[in-house]
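Structure at a glance
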Amino acid sequence: MKAITTHESRAAVDARVEALLAQMTLAEKIGQMAQIEKNSVTPEQVRDHAVGSVLSGGGGNPSPNTPADWARMVRDFQEAALQSRLGIPIWYGTDAVHGHNNVRGATIFPHNIGLGAARDADLVRRIAQVTAREMLATHANWAFAPEVSVPQDIRWGRTFEGFSEDTALVSELGVAVIEGLQQAAAPDQRVLASVKHFVADGGTTWGTTRSYDWIPGWWQSADPQRWRIDQGDSRIDEATLRAVHLPPYAAAIAAGARNIMVSYSSWNGLKLHAHRYLLTDVLKGEMGFDGFLVSDWLAAQQLDADLETGMVTAINAGLDMIMVPFRLTEFITAVTRAVSDSRIALSRIDDAVTRILRVKVEFGLFERPFGDETLLATVGCDEHRQIAREAVRKSLVLLKGEPPVLPLARTASRLLIAGAGADNMGRQCGGWTIEWQGKEGDITPGTTLLQAVQQTASASTEVLYDADGAFADDVQAESALVVLSEVPYAEGEGDRQHLALPPEDVALVQRMRARCDRLIVVLYSGRPLVVDSILDQCDALVAAWLPGTEAAGITDVLFGDYPFHGMLPYAWPRGESAQA
Ligand code: GLC
C-alpha cells in the first residue's frame, strides 16, 4: 500500500491510536462511529458526543450558498469537535463527485461518464487535485468519490457516475481520483477519498429495487420507471463479481484508499450492508483493507425496521462508521444497548474506532484539522475552469459526421441554435449539482453552449436561438445546432426502462432539418440513448454527456480549434430491442 500522508511510521500511528482509544468511554467510541448530516446536529452535540463525522448530503448547503458560507459552516463544526473532551477532529464529508459541486460558484467538471470517454488518467488526477483544493478552501476534508461502479445496464440512473462498463478503465481512473484527492492539495493537506459503492452496485437486475415501508418517502416512486434497478439485486456468480466488480477496489487499496463506502444493493438476495463474507472476510481479510468502512445514507436502517437490529447487523457485518444520518442520540442509545446486551462485542467497537482514528492520524487531522481559507480565491477561478474546459473537449465523442459538416465556420453569416439544453446550466451539469437531483436553469456560474457560440462566432455572424426552434418561417441558415438533453436526475430517480428520444426531441430535429444545410445535434445525457429516430435527420451527432460549467470546451471542438478525442465508455444501443 502506498504511504498516504503521515510522516509517522505505522507503528507510531498505531501507538497513538491505542493510547487514545484507551482513554475513550464507550459513549465516545460510539460517537466516533456516527456520521450525521449537517441539518440534524449542532456543533454543541458534535462536541458533547465526540461525533466522528458530519456530512452534507446532496444539496446540504448553507444559506446563502457561497464558498465563504461553506467555510464558516464547516469551521464551526470542526471548532466544536476540537473542544470535545479528547479533542478528536471530525471528517466533514460531501459528494464532491464532479468538483465541489454542492457549492455555488465552484468549478463543475464533466461527470465520470465524460471522463471515461476522455480516457486521460493524468487529466482525472488534475481534476481531483483541483477539487481537493476547492474543498479545503471550505474546510471540507472527505470526498465521497471516486465512484468505481462498473455499470452493466445503462438504464441505471447512476450510469453517469460510472466511468465505463470496462473494469480496467474504471480501475485506472478510480486510482487517478484517489491520488489526486489524497496528494497535497494545499500546504501539507489532503482530502480523504471514499471509494464507492462496495460492491457490484453496477451489476443489479432491472426490477429488483426494494422499498422499506419503515423508512417512508425514500427510494420509492409511483412512476413505474423510477427506482427499478438502483439499489437492486446483483444476480451474478462469485466469479463474475470478482472479475468485473472487485478489481477497482483492489487497485484502490493498492493506491492508498483508506475509506470505502458500502453499497445499498444486494448480492444474490443479501444486502451488502449485512454481508459479513464480502465486507469482513473478503475486503478486510483477503484483500487486507485496514482503513474504515462507512455505510450509505440510511442504509443500515434498511436492514430492519428495528433501529438497534439494523445497526447490530451492519456493524457485525463489518461497517465501522454509520451514515445514520439523522438520529444521533437514538443511534448512540441503540448501539450502547446492543453492546451491553452482547449483541455487538466490545472488541468489534474497538476495531471500528481503531480504524476510524487510524485514518485521522494518518492524514494529520489532529495537527491540521482545518483547510485553508486563503484558497477561497481559487474556488471557480479561471485556471480551474480551463482544466474543466480541457476535460469537456476530451470527453466529446463524434457519433456521426465527417468534414465538411464540421468544423463550423466562425464567419458564417447566420447560425441557428435550438434545444432547451443549449442555454441551461442545470441540464449541462446534471445531477449532484447544487442540489441532490440537480436543477434546471441558472444554478451556478459558468458558460452555456449558447454563450460559448456567441463568444466564438465572429461579430458578423448572426446567432439566433430559440429553445423550441420556433423561428420565423423564412429563417434559414447554412448550419444549425440542436442540443437534446435529459433533465437532471440522480440515483434511482434516473432509472429509465426506455431510452428512446422523446417525440418532442424528434420533432425539434425535424423542424430544424428544414431550416439548414448542415444540422449538428449535441446530446447532453447521463448515458447512451437510442437515437435511431434522428440518425438520418442530422449531418453530425456529438455525445457531450454531462459537461459541467465549461461548455466552451464544446465549441473549441465544433469550430475546429481541437480535434475530437473521446471514445465511447459504454456500448451504444441501436433500437429499443437492444435493451436487456
Ligand atoms: C447517497 C448516495 C451516495 C452518497 C451518499 C451521501 O444516497 O448513494 O453515493 O455519497 O448518499 O450523499
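These notes cover the structure that comes with them. (Residues numbered from 1 in each chain as written. Predicted model: local features only at pLDDT ≥ 70, side-chain atom pairs only at ≥ 80, totals over all residues. Heavy atoms only, no water.)

Relative to the 20 Å expected for 14 residues at 1.5 Å per residue, helix H14 (residues 382-395) spans 20 Å between its end C-alpha atoms, a close match to the ideal helical length. Listed as buried for H14 are His 384, Arg 385, Ile 387, Ala 388, Glu 390, Ala 391, Val 392, Arg 393 and Ser 395. (Helix = DSSP H or I, 4+ residues; strand = E, 2+ residues; numbered from the N terminus. Expected span 1.5 Å × (residues − 1). Buried < 20%, exposed > 50% of the residue type's maximum accessible area, 1.4 Å probe, protein only.)

Here we take up the site of the ligand. Taken together, 14 residues are adjacent to the ligand, and Asp 95, Arg 158, Lys 196, His 197 and Asp 296 come closest. At 2.5 Å, a side-chain N or O of Asp 95 approaches an oxygen atom of the ligand. Note that an oxygen atom of the ligand is positioned 3.1 Å from one of the side-chain N or O atoms of Tyr 264. Taken atom by atom, the bulk of the ligand overlaps the second largest pocket. (Near = heavy atom within 4 Å. Polar contact = N/O pair within 3.5 Å; in protein donor to acceptor, adjacent residues only side chain to side chain. 1 Å grid on protein atoms, 1.4 Å probe; cavity = no way out; pocket = protein on both sides within 12 Å on 5 of 7 lines; lining within 4 Å. Sits in = over half its atoms within 2 Å of the grid points.)

As summarised here, the arrangement of the three strands in space is S7-S9-S10, forming an open sheet in which the pairing is mixed. In the strand order of this sheet, the two ends are held by strand S7 (233-234) and strand S10 (270-271), each with one partner. With two bridges connecting them, S7 and strand S9 (residues 266-267) associate as parallel partners. Each residue of the ladder has a partner; that of Ser 234, found in S9, is Trp 267. (Pairing = 2+ DSSP bridges.)

Overall, parallel pairing links the six strands, which are arranged S5-S4-S3-S2-S1-S12 in an open sheet. Each having just a single partner strand, strand S5 (192-193) and strand S12 (322-323) make up the two edges of the open sheet. Of the pairings in the sheet, the one linking strand S3 (residues 91-94) to strand S4 (residues 142-143) comprises two bridges and is parallel in character. Residue pairing across strands places Thr 94 opposite Ala 143, the latter belonging to S4.

In this model, the largest pocket occupies a volume close to 470 Å³. Elements that contribute at least two residues to the lining of the largest pocket include exactly strand S16 (477-485) and helix H17 (503-513). Tallied by class, the residues present in the lining of the largest pocket amount to 14 nonpolar, four polar and eight charged. Roughly 290 Å³ of volume is contained in the second largest pocket. For the lining of the second largest pocket, the residue count by class is ten nonpolar, six polar and six charged. (Points joined across faces, edges and corners; volume = space filled by probe spheres on them. Nonpolar A, V, L, I, M, F, W, Y, C, P; charged D, E, K, R; others polar.)

What follows covers helix H7 (residues 167-182). With 16 residues, H7 should reach 22 Å at 1.5 Å per residue; the first-to-last C-alpha distance of 22 Å fits that figure. Within H7, 14 of the 16 residues are buried, leaving the element largely enclosed by the surrounding structure.

Summarising the element assignment, Thr 309 is placed in helix H11 (residues 307-317). In terms of polar contacts, Thr 309 uses its side chain to reach the side chain of Arg 343, at 3.2 Å. Leave out the neighbours within four places in its chain, and Thr 309 touches Asp 304 and Arg 343. (Contact = heavy atoms within 4.5 Å.)

Here we take up the pattern of salt bridges. Across all of its chains, the model carries 45 salt bridges by this definition. For Arg 10, the salt bridge is made with Asp 290, and the minimal N-O distance between the two is 2.8 Å. Of this pair, Arg 10 sits in helix H1 (residues 10-23) while Asp 290 sits in the loop between helix H10 (276-286) and strand S11 (292-294), and the two are 280 residues apart along the sequence. One salt bridge connects Lys 284 with Asp 320, and the closest N-O pair in it is separated by 2.9 Å. A residue pair is termed long-range when its members are at least 10 positions apart, and Lys 284 in helix H10 and Asp 320 in the loop between H11 and S12 qualify at 36 residues. Taking relative accessible area as the criterion, Lys 284 reaches 11% and is therefore assigned buried. (Salt bridge = Lys/Arg side-chain N within 4 Å of Asp/Glu carboxyl O.)

Glancing now at the packing of aromatic side chains. Within the structure shown, the criterion is met by 15 aromatic pairs. Ring centres of Phe 198 and Tyr 249 lie 4.9 Å apart, and the angle between their planes is 85 degrees; this geometry places the pair in the edge-to-face category. Here Tyr 249 lies in helix H9 (residues 247-254) and Phe 198 lies in strand S6 (residues 195-198), a separation of 51 residues in the sequence. Residue Tyr 249 is classed as buried on the basis of its relative accessible area, which comes to 1%. Seen in terms of ring centroids, Trp 218 and Trp 297 are 6.0 Å apart; in terms of plane orientation they differ by 50 degrees. Their pairing is tilted. In this pair, Trp 218 is assigned in the loop between S6 and S7 and Trp 297 in the loop between S11 and H11, connecting sequence segments 79 residues apart. Among the residues examined, Trp 297 registers a relative accessible area of 14% and is labelled buried. Through a chain of ring-to-ring contacts, three or more aromatic side chains come together here, namely Tyr 212, Trp 214, Trp 218, Trp 219, Tyr 264, Trp 297, Phe 326 and Trp 436. The residue whose ring lies beneath Lys 196 is Trp 432, and the NZ or CZ to ring-centre distance is 5.7 Å. Lying over the aromatic face of Tyr 489, Arg 496 brings its terminal NZ or CZ to 5.6 Å of the ring centre. (Phe/Tyr/Trp six-rings, centres within 6.5 Å; stacked < 30°, edge-to-face > 60°. Lys NZ or Arg CZ within 6 Å of the ring centre and 35° of its normal.)

So, about the environment of Ile 30. Tracing the sequence through the fold places Ile 30 in helix H2 (residues 26-32). Note: C-alpha distance between Ile 30 and Ile 349 (319 residues apart in sequence) is 7.4 Å. Ignoring anything within four residues of it in the chain, the contact list for Ile 30 reads Phe 331, Ile 332, Val 335 and Thr 336.

Membership of the largest hydrophobic core comes to 126 residues, with the highest contact counts inside it found for Tyr 92, Phe 198, Ile 260, Ile 322, Phe 331 and Val 335. At nine residues, helix H6 (residues 121-136) tops the list of elements feeding residues into this core. Leaving out residues up to four positions away in the same chain, Ile 322 has contacts with Met 33, Ala 34, Gln 35, Ser 295, Ala 300, Met 311, Ala 314, Ile 315 and Phe 331. In terms of nonpolar packing, the next biggest core, distinct from the first, is built from 39 residues, Val 397, Val 475, Leu 484 and Leu 523 among them. (Core = buried A, V, L, I, M, F, W, Y, C linked by side-chain atoms within 4.5 Å.)

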